[in-house]
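Structure at a glance
Listed below, chain by chain, are the residues.
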Amino acid sequence: MRQYEYVLVLHPDLDEGAFKELIEKVTGWITAAGGQVLKVEPWGKRKLAYPIRKQKEAHYVQINAMLAPARSPEMERNFRFLEPVLRYLIVAK
């Protein structure tokens, strides 16, 4: 198992319920893959340095997790196809 840090930039129009549901979906993917969620840290809504999909603000979330390295491409694929995710960053620690 390796420790990963996921930083997600999410669509700014998500309401509180949709935001929590999205975080639960991502943490569910991690636990379903045999991983462990260590910490979920929402950073709040912040201004973007440049527009992404015509949006000037976005919600930021950092998730620290332990996951098998073989499951990392699966997580990346899931982030790519999740509509409210504007950008994502995966860092192996």
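Residues numbered from 1 in each chain as written. Predicted model: local features only at pLDDT ≥ 70, side-chain atom pairs only at ≥ 80, totals over all residues. Heavy atoms only, no water.

**Comments concerning the overall build of the protein chain**
Check the secondary structure of the protein chain and you find two helices and four strands. Each helix and strand of the protein chain, placed in order from N terminus to C terminus, yields the pattern β-α-β-β-α-β. Against the globule reference of 12 Å for 93 residues, the protein chain gives a C-alpha radius of gyration of 13 Å, in line with a compact fold. The dimensions of the protein chain, computed from C-alpha atoms along their principal axes, are 35 × 25 × 20 Å. Within the protein chain, the proportion of its 93 residues that are buried is 39%. (Helix = DSSP H or I, 4+ residues; strand = E, 2+ residues; numbered from the N terminus. Rg over C-alpha atoms; globule rule 2.2 N^0.38 Å. Buried < 20%, exposed > 50% of the residue type's maximum accessible area, 1.4 Å probe, protein only.)

**Overview of the packing of aromatic side chains**
Considering all chains together, one arrives at five aromatic pairs under this definition. Centre to centre, the rings of Tyr4 and Tyr6 are 6.1 Å apart; their planes meet at 20°, and the pair counts as stacked. As far as the burial class goes, Tyr4 and Tyr6 line up, both buried. Considering the side-chain rings of Phe79 and Tyr88, the 5.7 Å spacing of their centres and the 45° angle between planes classify their relative orientation as tilted. Overall, the relative accessible area of 1% leaves Phe79 in the buried class. Pairwise contacts between aromatic rings join Tyr4, Tyr6, Trp29, Phe79 and Tyr88 into one cluster. (Phe/Tyr/Trp six-rings, centres within 6.5 Å; stacked < 30°, edge-to-face > 60°.)

**Focus: the nonpolar core**
Counting 19 residues, the largest nonpolar core has Tyr6, Leu10, Val26, Ile30, Ile63, Leu67 and Met75 as its most contacted members. Those elements that provide at least two residues to this core are strand S1 (2-10), helix H1 (16-32), strand S3 (55-67) and helix H2 (72-81). Examining the composition of this core, we find that five residues originate from one element, H1, more than from any other. Counting residues in each nonpolar core, the second largest holds six residues, with Leu48, Ile52, Ala58 and Tyr60 among its members. (Core = buried A, V, L, I, M, F, W, Y, C linked by side-chain atoms within 4.5 Å.)

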